[in-house]
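Architecture and fold: a report
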Amino acid sequence: MPAKGKHRRPKSSPLSRGIAVAGTGGAVLALPVLGATSAGAAPAAKPAAAPKTYVVVAGDTLSKIAREHSVSGGWKKLYQDNRGALGDDPKLIHPGLELTLGTKGPAERADRSERDDASAAKTAAAPAKKTYTDDLDGWIRESLDIMAQHGIPGSYEGIHRNVMRESSGNPLAINNWDSNAVAGTPSKGLLQVIGPTFAAYHVPGTSLDSFDPVANITAACNYAADRYGSIDNVNGPY
């Protein structure tokens, strides 16, 4: 007995499934043919259009340009987008100036962002300026920092000790009775420095006023370093 064969129904191609026959002699109904592209595929993104530009002519104003070119945000947005070219006064536009109409392109926004980031990083990297109290402690500490920059030796204790002996911490102290005063060059300031000595040992970057606390201390310490090796070695009139 012949074996019963199993017949595999042939697969129809995507195109052949697009046609169905309604029966013998019946009308043929054409069904939509499936395309090769999957229904779930997203359409390709269109590249962003470059921003438009406009060259200013005589009689133009930002309001007029924004209105005639339908700039979103009006003249304020137009000014904001072109502030680099216009400057601080939006009324000062002149013929021949090229303006950008509309939002800046991605590349320009990215470039601006990079510049802003670099500026912020530079600002963050800058060390904060050291501050000092406006009293004897602050004057001595500021003087020590300046002295260190100029290689002038001295310690807080050595300066403080001599200041208290010479002026009791009064930056306006002046000696009007000793031999220097009689010679017309009275001792002045925290460390009682006479004018010629102050001028000869003045430290650059400090005040030229011998009554200025920091200028007085640094000049006196510079003199003491030259004559005694350090203000720390001074324990009496010098």
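Here goes a summary of the coordinates provided. (Residues numbered from 1 in each chain as written. Predicted model: local features only at pLDDT ≥ 70, side-chain atom pairs only at ≥ 80, totals over all residues. Heavy atoms only, no water.)

Time to look at the overall build of the chain. Regarding its fold elements, the chain presents nine helices and six strands. Out of the 238 residues belonging to the chain, those deemed buried represent 29%. A separation threshold of at least 6 residues defines the contact pool for the chain, and within that pool the share at least 24 residues apart is 48%. Accessible surface computed for the chain: about 16,300 Å², of which carbon and sulfur atoms make up 57%. (Helix = DSSP H or I, 4+ residues; strand = E, 2+ residues; numbered from the N terminus. Buried < 20%, exposed > 50% of the residue type's maximum accessible area, 1.4 Å probe, protein only. Contact = heavy atoms within 4.5 Å. Areas by Shrake-Rupley, 256 points an atom, 1.4 Å probe, with all protein chains shown as cover.)

Interaxial distance between helix α5 (residues 136–149) and helix α6 (residues 156–166) falls to 10 Å at its minimum, and their mutual angle equals 130 degrees. Comparing the axis directions of α5 and α6 gives the class oblique. Our pair here, α5 against α6, has a crossing hand that is right-handed. Facing α5, whose interface residues are L136, D137, I140, R141, L144 and M147, α6 presents Y156, I159, H160, V163 and M164. (Axes fitted to C-alpha atoms, helices over the stretch in contact; angles between N-to-C directions. Parallel < 35°, antiparallel > 145°, perpendicular 65-115°, else oblique. Left-handed = near helix turned anticlockwise from the far one by under 90°.)

Turning to the environment of G229, a few remarks are in order. Along the polypeptide, G229 turns up in the segment after α9 (213–228). Sequence separation of G229 and P153 is 76 residues, and the distance between their C-alpha atoms is 7.8 Å.

What follows is about the layout of surface pockets. Taken as a whole, the largest pocket holds about 270 Å³ of empty space. E166, N180, S187, Q192 and Y238 are, among the 13 residues lining the largest pocket, the residues nearest its centre. For the lining of the largest pocket, a count of residues per class yields six nonpolar, five polar and two charged. (1 Å grid on protein atoms, 1.4 Å probe; cavity = no way out; pocket = protein on both sides within 12 Å on 5 of 7 lines; lining within 4 Å. Points joined across faces, edges and corners; volume = space filled by probe spheres on them. Nonpolar A, V, L, I, M, F, W, Y, C, P; charged D, E, K, R; others polar.)

A few words on the side chain of T206. Within the secondary structure layout, T206 lies in the loop between α8 (195–201) and α9. A polar contact is formed between the side chain of T206 and the backbone oxygen of V203, at a distance of 2.6 Å. Those residues within four positions of T206 in sequence are excluded, and the remaining contacts are I146, V214, A215 and T218. (Polar contact = N/O pair within 3.5 Å; in protein donor to acceptor, adjacent residues only side chain to side chain.)

Moving on: the packing of α5 against α9. Taken N-terminus to C-terminus, the directions of α5 and α9 make an angle of 50 degrees; their axes are 9 Å apart at the nearest point. Classified by the angle their axes make, α5 and α9 are oblique. The hand of the α5/α9 crossing is right-handed. Where α5 abuts α9, its residues W139, I140, E142, S143, I146 and M147 lie against P213, V214, I217, T218 and C221. Class assignment of the residues belonging to the contact of α5 with α9 gives a composition of eight nonpolar, two polar and one charged.

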